[in-house]
Amino acid sequence: MRRKRVAALTVALAVFAGALGSLAGCGGKEETPAQTKAKEETQAPTEGKTQTPTEAKKETDASSEEGTKTIYFMPKEVAGAWNVYSCTGAEDAGKELGIDVIISGPANADPTEQINMLEDAIVAKPDAIVIATNDAAGCKASIDKAVEQGILVLTYDSDCADSGRSFYVNSASDYECGRMFVRDVAESVGEDAKVAVMGGGISAGNQQERLAGVQDEMKENYPNMELLATTWSDDDTEVALQNAENLILANPDLQAIIGISGYEPHSAAAAVKEAVEQGNLEEGSVFITGLTLPDVIRPYIEDGTVESAYVTEPAYLAYTAVYTAYEMLGGESFSDGDKFQVEGLENVEAEVTGEYIYFGLIALDKNNIGNYSW
């Protein structure tokens, strides 16, 4: 078993993994309350409190008069299990903290629609906006407008680093994740490995940061490693699968695939497994790593197609982002090096690194994959 390198990231992995381990249980797939609720809603994308601008503004104004803080939580999309869990985590934070959390996101990861919804949110004048951007460059002007109007803005999951947002909240640095994946490849395959990168939305800030980390780590520390190709699925599993199949066919010398979006590693694994079963690929000849979801990667870890991969707990991420906004609205300030407990999440500690707030990744393998489900 190769060594896990999550500790190389500036995250509180041990504390966070312990918290999730206690929630998940040792022998089964027990879930957090957020996961249980979200699973019931997965078949129908959550609507949260998504409203028309007029309705939202009326509720926001009413909340302001009553003294209740209002936070707009804006995921990349409201469809898909990961985003459903995220929305549920945000709603749970609202209930725990006594604030109004309004979910506002496009049905699918549409950058233009998200920007329009962000503009609508600004019109509603909430106390804060917490957003995962589909298009960092496209969202910049709207985020800056919100900040200029006195609205606190935080990003989560996918950043808009060039904007006036206060903090980016995530499990780990996107850039450092990319570098870590390359080190995983070097350790498992070799420093001269031939690699492909599979990404989701090409304009998403987190995707570009992770890709930059991959490229810089190769250039600086593994100059003999070759990046054969980079593909983009636009967060579509079917497209990701087709991309993986094409990579295998077009690159017979391919040795590793790095998935920098949650849609990619299991799609790569499905393509690799099929190629092996058809006799077109030798078993174990393509190493796969990256960020994923437990439920979709589970069969490939259990059958050995994938040795290990990494996950972010989406409900905890959303909860932590909303909690951070809540604390800041209450007058709390955060400085580089600060650590704080997330109220309502047992034993979860977040750490401030510059303009970033991280709380930890989970490394999945055969030993623990049964403990997580979302």
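Residues numbered from 1 in each chain as written. Predicted model: local features only at pLDDT ≥ 70, side-chain atom pairs only at ≥ 80, totals over all residues. Heavy atoms only, no water.

A. Geometry of a negative patch on the surface. Taken together, the side chains of Asp110, Glu113, Asp234, Asp236 and Glu238 present a region of like negative charge at the surface. With respect to the element layout, aspartate 234 can be found in the loop between strand S7 (226–232) and helix H9 (237–250). Looking at aspartate 234, the relative accessible area reads 54%, which means it is exposed. (Patch = residues over 30% accessible without salt bridge, like charges linked within 9 Å, V, L, I, M, F, W, Y side chains within 5 Å. Areas by Shrake-Rupley, 256 points an atom, 1.4 Å probe, with all protein chains shown as cover. Salt bridge = Lys/Arg side-chain N within 4 Å of Asp/Glu carboxyl O. Lys, Arg positive; Asp, Glu negative; His and termini not counted. Charge placed at Lys NZ, Arg CZ, Asp CG, Glu CD. Helix = DSSP H or I, 4+ residues; strand = E, 2+ residues; numbered from the N terminus. Buried < 20%, exposed > 50% of the residue type's maximum accessible area, 1.4 Å probe, protein only.)

B. Inspection of the side chain of arginine 179 at higher detail. With respect to the helices and strands, the residue arginine 179 is situated in helix H7 (residues 174–188). Residue arginine 179 is classed as buried on the basis of its relative accessible area, which comes to 9%. A polar side-chain atom of arginine 179 sits 2.8 Å from a polar atom in the side chain of tyrosine 175. Once residues lying within four places of it in the same chain are set aside, the contact partners of arginine 179 are Gly213, Val214, Asp216, Glu217, Glu220 and Asn221. (Polar contact = N/O pair within 3.5 Å; in protein donor to acceptor, adjacent residues only side chain to side chain. Contact = heavy atoms within 4.5 Å.)

C. Molecular detail of the environment of glycine 337. As for its position among the elements, glycine 337 is in the loop between helix H12 (314–329) and strand S11 (339–341). C-alpha separation for the pair glycine 337 and glycine 354, spaced 17 residues apart in sequence, amounts to 7.7 Å.

D. Layout of helix H8 (residues 205–221). If you check H8, its first and last C-alpha atoms are 24 Å apart, about what 17 residues at 1.5 Å a residue would give, namely 24 Å. Within the sequence span of H8, burial applies to Gly205, Asn206, Gln207, Arg210, Leu211, Gly213, Val214, Glu217 and Met218. (Expected span 1.5 Å × (residues − 1).)

E. Spotlight on helix H5 (residues 111–124). Between its first and last C-alpha atoms H5 spans 20 Å; for 14 residues at 1.5 Å apiece the expected length is 20 Å, and the two agree. Burial in H5 covers these residues: Gln114, Ile115, Met117, Leu118, Ala121, Ile122 and Ala124. Axial view of H5: buried residues confined to an arc of 165°, hence all on one face. Near the N-terminus of H5, the side chain that reaches the backbone nitrogen of threonine 112, with its oxygen 2.9 Å away, is that of aspartate 110. Backbone geometry just after H5 places lysine 125 at a positive phi near 55°. (Arc of directions from axis to C-beta.)

F. Highlighting the packing of aromatic side chains. Overall, the coordinates contain eight aromatic pairs when judged by the stated rule. Consider the rings of tyrosine 168 and tyrosine 356, whose centres lie 6.2 Å apart with planes at 85°: the pair is edge-to-face. One end of the pair, tyrosine 168, is in strand S5 (residues 168–170); the other, tyrosine 356, is in strand S13 (residues 356–358), and 188 residues separate them in sequence. Note on tyrosine 168: relative accessible area 2%, which makes it buried. A residue is classified by how much of its surface remains accessible, and tyrosine 356, at 27% relative accessible area, is partly exposed. (Phe/Tyr/Trp six-rings, centres within 6.5 Å; stacked < 30°, edge-to-face > 60°.)

G. Structural detail: the sheet that holds strand S6 (residues 194–199). Strand order in the open sheet formed by four strands is S7-S6-S8-S9, with parallel pairing between adjacent strands. The two strands at the open ends of the sheet, each matched to only one other strand, are S7 and strand S9 (287–290). Each adjacent strand pair in this sheet contributes to an overall mean axis angle of 20°, direction not counted. Sheet topology note: the strand S8 (residues 256–259)/S9 ladder contains four bridges and is parallel. Bridging from a neighbouring strand, isoleucine 257 pairs with isoleucine 288 of S9. The sheet strands contacting H8 are S6, S7 and S8, and the helix crosses S7 at an angle near 175°. On top of the sheet, helix H10 (residues 265–277) reaches S6, S8 and S9; it is set at about 165° to S9, its chief contact. (Pairing = 2+ DSSP bridges. Axes fitted to C-alpha atoms, helices over the stretch in contact; angles between N-to-C directions.)

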